[in-house]
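# An overview of the molecular structure
Here is what each chain is made of, one letter per residue.
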Amino acid sequence: MTALLELRDIRKSFGPIEILHGVNFALHPGEVHALIGENGAGKSTMMKILGGYLAPSEGQVLLEGQPAPFRSGPEAEAQGVVVIHQEFNLAQDLTVADNIFLGREKGGFFLNHRAQRLAAKALLEQLECGVDPDARIRDLKVSDRQMVEIAKALSRQARVLIMDEPSAVLTHREVDILFRQIDRLRSAGVALLYTSHRLEEISHLADRITVLRDGTVVRQALRGELSEDGMATAMVGRDLSDIYPPRRTPSDEVVLEVQGFSVPPLVQDISFTLRRGEVLGISGLVGAGRSELAEGLVGLRPHSGRIARHGKEIQIRSLIEAERAGLAYLTEDRKERGLLLGKGLRENLTLSTLPRFGTPLISRAKEEAALTQAISDFDIRAPSRAMAAGNLSGGNQQKLLLAKTMLPAPDVVIIDEPTRGIDIGTKSQIYHFIDRLAREGRSVIVISSDMPEILGLSDRVLVMRQGRLAGTLTGEAITDTAVVRLIMGTSDTEAPNPETTQEAAAHV
Amino acid sequence: MSKISFSALGPILALLLLIVLGAYLNSNFLSGGNITNVLARSAFIGIIAVGMTFVIASGGIDLSVGSMAAFIAGMMILAMNQLIPSLGIGVPLVLVGMAVALLIGLTAGLLNGLLVTKAGIEPFIVTLGTMGIFRSLVTWMSDGGTISLDFEARQFYRPVYFEGVFGIVWPIIVFAVVAVLGQIIMRNTRFGRYTEAIGSNDKVARYSAVKVERMVTLTYVFLGLLVGLAVIIYVPRLGSASGSTGQLWELEAIAAVIIGGTAMKGGYGRVWGTVVGVLILSLIDNILNLADLVSPYLNGAIQGVIIVLAVVLQRRKSPAEGR
């Protein structure tokens, strides 16, 4: 069987740095081929080459056995090679229908809005997505936006469909719909490329698996040949049995006490204590007010209630006051709130603690020393110290952000979604960093939607529901079902509404 | 940064090219008199453009600087004329005049800054508004004509533009000092670092404990002060102000900033590049006036081509964008 789309001995360099070292890869009609690998392994680069968005430095792209040097994404698309981008690639102010047909509008000189609307509606119905074709993308939920991206790709009559982590922002129900569409396309003879960090999806979907590590294909397998553990091991290149660090014993010393804390209108009347050397997990649905609670605690949002450090009541009205009180917050949104993607590592590292690096002139030498220290403390793997933070892989960006947050040496760190969009190897590393912080006598609050992470890390778990504290679990009582029960409020009399149940299932 | 990029080198090459061209076309081009003339006349725009670099690097824009300069000049002259009876003509009068210029510059910049940060209005709109306000005020103050400094006071003040030390006139000295300080402030102080951080992503800056509103306001105040400083060396040149003083200065300053390699969308400021940009614009003007090659009336067209070309050449994006 000849491959529909094939990469042969592909090398790709950005400047002096080679990202792909001679990759061979083939997509066959009627097959789902999963591409997995850690962040920074070169998956995105490979997909961009397949989709025509990047040209390889060496090697060939073959379409049906013929060399196909695509010069652009649209050119590849004209040949039937379509990429489903992640949801943020839509034009925010255009409608759903306009986005789906962007660049291939229906009608002649004047647009045929009616035809576009009807066609868009039909596509969305195929995806069981109730979004109005006239809605603006800006007003849609993230998961609906992803569904629009999928609809857009389906409208292109693809022979090859490349999917870049399409399920990352979808709920459970939507993932099921997506899988049904994938099955339909597979039996229609489309060649599919699928990537995801969720390995259970891979073993469910993939007919063929390629594992990429550091720009090299390290393993190729057919359905059933590779277990999820096997995939993880192949991706990381070592055994991951110790992904979570062993438990610590926190001391009894209370370092932070929060009482009747509210961040109107999202967080109401939260009280808890935090002990020295403790990792406190905060679980709950997206929208339960967890990030808002954290942002209130560090003075980023107006709040009311009592905060005491070591028994002494304090006021935190700004990040500067939070830093003075020994509190730090690591945001969940590292690309939009955490790092300046266009700036270098040094500028990012020192941005929030710049006064420590000299007045009135900033000492470059001190900054460089801090960067050297951070690179070794947090194992930041950067090909060059002068590179922009946005060119680091997701995992290394997160390590840099962690280093930045820890630069003022806070006693209490709140880490919001420590491992979102990060591969398993780096995840484990970050868990061990968190453990190290706790063993050094700091206290860590981990907010996470990732259930295994909450269970694997926390000495104690707070569960929030609709802005309130739903319950606290300690030690042996921290189990999957106990947390889910609190998240859903099933022990309460009120019945959870079906929509939130779906969301919960997707995030658990 | 060990590597010198093409985009950083481009403006310097263009400048060198212009110097060679000028020297080739006219033997007077490299004479001391001509060089002094070119540099002194670029000083006003240059000083303002250094401040503009900060505003643009923070993601803003200030269209009001030309009108602001006219307004400050008018106010400064009126104040000095008023004070002649009490202070007499001498150093105190000039010092008071300078203080007035700086104070009004600071206030005008503060007004722009607060409208942008506190009222949350787009910088383009705010400064489009204040541009009209300042321009109209100076026309009104001069009753449509010219506001002139008292003749004797003018004679006393003249040396500030026409003389200097070690054979270098004051405007050039002030411009050079502002440029060097501007570069140091941008590269080596918190103010500069925060300015660039806010321009690249103000949310990240806010989450990094940067006082975003205060810093943005400060960039406009800094620019206002520099406009005041530019006026201080402009007034002794002609000794008058009118409704047409400082016209299009804002566009020349912005053009110089862009030619120098500062990103229009903010996030990166290059003060020395701005200085090179100012010199390029003045040299084109100067060469056209000295050589008969092209009509000086085409000056604007050539400058326009240079601006567009500069941006095109700088648009060589780094490869691994977005991941």
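Residues numbered from 1 in each chain as written. Chains lettered and ligands numbered in written order. Predicted model: local features only at pLDDT ≥ 70, side-chain atom pairs only at ≥ 80, totals over all residues. Heavy atoms only, no water.

Looking at an unreviewed UniProt entry, one finds chain B named ABC transporter permease, with Pseudogemmobacter lacusdianii as its source organism. The UniProt entry for chain B carries the following comment under Subcellular location (unreviewed entry): "Cell membrane". (UniProt positions renumbered as here; feature names shortened; annotations may be inferred.)

As recorded in an unreviewed UniProt entry, chain A goes by the name Sugar ABC transporter ATP-binding protein, listed as coming from Pseudogemmobacter lacusdianii.

## Notes on the side chain of A:Ser262
Residue and element names in this part refer to chain A. Inspection of the secondary structure assignment puts Ser-262 in strand S11 (residues 254–263). Looking at Ser-262, its side chain comes within polar contact range of the main-chain nitrogen of Asp-269, at 2.9 Å. The residues contacting Ser-262, other than those within four sequence positions of it, are Val-267, Gln-268, Asp-269, His-303 and Ser-304. (Helix = DSSP H or I, 4+ residues; strand = E, 2+ residues; numbered from the N terminus. Polar contact = N/O pair within 3.5 Å; in protein donor to acceptor, adjacent residues only side chain to side chain. Contact = heavy atoms within 4.5 Å.)

## A look at the interface of chain A and chain B
At the interface, 35 residues of chain A touch 26 residues of chain B. A combined buried area of about 2700 Å² lies between chain A and chain B, and 57% of that area is made up of carbon and sulfur atoms. Three residues, A:Arg337, A:Lys343 and A:Leu351, lead the burial of chain A against chain B; their summed loss comes to 20% of the area buried on that side. Scanning the region where chain A abuts chain B turns up two salt bridges. We note a salt bridge from A:Lys343 to B:Glu196, for which the minimum N-O separation is 3.2 Å. Only helix H10 (319–324), helix H11 (334–338) and helix H12 (345–350) of chain A provide two or more residues apiece to the side of chain A that touches chain B. (Buried area = accessible area lost by both parts, 1.4 Å probe. Salt bridge = Lys/Arg side-chain N within 4 Å of Asp/Glu carboxyl O.)

## A closer look at the packing of aromatic side chains
All names here are of chain B. Under the defined criterion, the tally for this structure stands at 13 aromatic pairs over all chains. On the numbers, 4.8 Å between centres and 80 degrees between planes, the contact of Tyr-161 with Phe-162 is edge-to-face. On the basis of an interplanar angle of 85 degrees and a centroid distance of 6.0 Å, the ring pair of Phe-191 and Phe-222 is categorised as edge-to-face. Highlighted residues: Phe-191 in helix H9 (residues 190–200) and Phe-222 in helix H11 (residues 212–238), separated in sequence by 31 residues. The exposure class assigned to Phe-191 is buried, which follows from its relative accessible area of 17%. Counting every residue linked through ring pairs, the aromatic cluster contains Phe-44, Tyr-161, Phe-162, Tyr-234 and Trp-249. (Phe/Tyr/Trp six-rings, centres within 6.5 Å; stacked < 30°, edge-to-face > 60°. Buried < 20%, exposed > 50% of the residue type's maximum accessible area, 1.4 Å probe, protein only.)

## A word on a nonpolar patch on the surface
Residue and element names in this part refer to chain B. A contiguous nonpolar patch, built from Leu-9, Ile-12, Leu-13, Leu-16, Ile-19, Leu-30, Ile-35 and Trp-272 and spanning about 640 Å² of accessible area, is present on the exposed surface. Counting residues per element, the nonpolar patch draws most heavily on helix H1 (residues 6–25), at five residues. Looking at the secondary structure, you find Ile-19 in helix H1. A relative accessible area of 31% places Ile-19 in the partly exposed class. (Patch = residues over 30% accessible without salt bridge, like charges linked within 9 Å, V, L, I, M, F, W, Y side chains within 5 Å. Areas by Shrake-Rupley, 256 points an atom, 1.4 Å probe, with all protein chains shown as cover.)

## Focus on the sheet that holds strand S18 (residues 443–447) of chain A
Residue and element names in this part refer to chain A. Taken in spatial order, the six strands line up as S16-S17-S18-S13-S19-S20 in an open sheet, and their pairing is mixed. Two strands close off the open sheet at either side, each with one partner strand: strand S16 (327–330) and strand S20 (468–474). Put simply, the sheet's adjacent strands are angled 20 degrees from each other on average, direction ignored. Strand direction decides the pairing type here: strand S17 (residues 412–416) and S18, joined by five bridges, are parallel. (Pairing = 2+ DSSP bridges. Axes fitted to C-alpha atoms, helices over the stretch in contact; angles between N-to-C directions.)

## Regarding the domain arrangement of chain A
Domains assigned within chain A are domain 1 (5–236), domain 2 (242–326 + 410–508) and domain 3 (339–408). The C-alpha-based centres of domain 1 of chain A and domain 3 of chain A are spaced at 33 Å. (Domains from an automatic or database assignment.)

## Digging into the UniProt feature "transmembrane region" (unreviewed entry) in chain B
Mapped onto the present numbering, the UniProt feature "transmembrane region" (unreviewed entry) falls on residues 38–56, 63–84, 90–111, 123–141, 161–185, 215–235, 271–288 and 294–313 of chain B. Between the C-alpha atoms that bound residues 123–141 of chain B the distance is 26 Å, and the span itself is 100% helix and 0% strand.

## So, the sheet that holds strand S4 (residues 58–63) of chain A
Strand pairing in a sheet takes place through backbone hydrogen bonds and is either antiparallel or parallel in direction. All names here are of chain A. A sheet is described by the order of its strands in space; here four strands give the open sequence S2-S1-S4-S5, paired in antiparallel fashion. The open sheet is flanked by strand S2 (17–27) and strand S5 (66–67), the only strands paired with a single partner. Direction of pairing for strand S1 (residues 5–14) relative to S4: antiparallel, over a ladder of five bridges. Within the sheet, the bridge partner assigned to Leu-7 lies in S4 and is Val-61.

## Details of helix H8 (residues 170–188) of chain B
Residues spaced three or four apart along an α-helix face the same direction, because each turn holds 3.6 residues. Residues and elements named next belong to chain B. Given a rise of 1.5 Å per residue, 19 residues ought to cover 27 Å, and the 26 Å separating the end C-alpha atoms of H8 matches this to within 8%. Turning to H8, its buried residues number three or more, namely Pro-171, Ile-172, Val-174, Phe-175, Val-178, Ala-179, Gly-182 and Met-186. One side of H8 carries all its buried residues, which in axial view fall inside an arc of 160 degrees. On its buried face, H8 sits against helix H2 (32–57), helix H7 (159–162), strand S3 (168–169), H9, H11 and helix H13 (271–290). (Expected span 1.5 Å × (residues − 1). Arc of directions from axis to C-beta.)

## Digging into the pairing of strand S3 (residues 32–37) of chain A
Residues and elements named next belong to chain A. The element S3 is extensively covered by neighbouring structure, given that six of its six residues are classed as buried. Taking every second residue as pointing to the same face, both faces of S3 are buried, with Val-32, Ala-34 and Ile-36 on one and His-33, Leu-35 and Gly-37 on the other. In this structure, S3 lies alongside strand S8 (residues 191–194), joined through three bridges in parallel fashion. The partner of Val-32 across the bridge, within S8, is Leu-192.

## Structural notes on the environment of B:Met75
All names here are of chain B. Within the element layout of this structure, Met-75 appears in helix H3 (residues 65–87). Using a relative accessible area of 30% as the deciding quantity, one classes Met-75 as partly exposed. Sequence separation of Met-75 and Val-169 is 94 residues, and the distance between their C-alpha atoms is 25 Å. Non-local contacts of Met-75, meaning those with residues more than four positions away in its chain, are made with Val-100, Ile-104 and Met-141.

## Re the pattern of salt bridges
Any two side chains of opposite charge can pair if their charged atoms end up close together. Under the counting rule described, the total for this entry stands at 39 salt bridges over all chains. Between A:Arg306 and A:Glu313 there is a salt bridge, and its shortest N-O distance comes to 3.2 Å. Assessed through its relative accessible area of 48%, A:Glu313 is described here as partly exposed. For the salt bridge of A:Glu368 with A:Arg385, the shortest nitrogen-to-oxygen distance reads 2.8 Å. Remark: A:Arg385 occurs in the loop between helix H13 (364–377) and helix H14 (394–406) and A:Glu368 occurs in helix H13; sequence separation between them is 17 residues. Linked through salt bridges whose partners overlap, the residues forming this network are A:Arg346, A:Glu347, A:Glu367, A:Glu368, A:Arg385 and B:Arg193.

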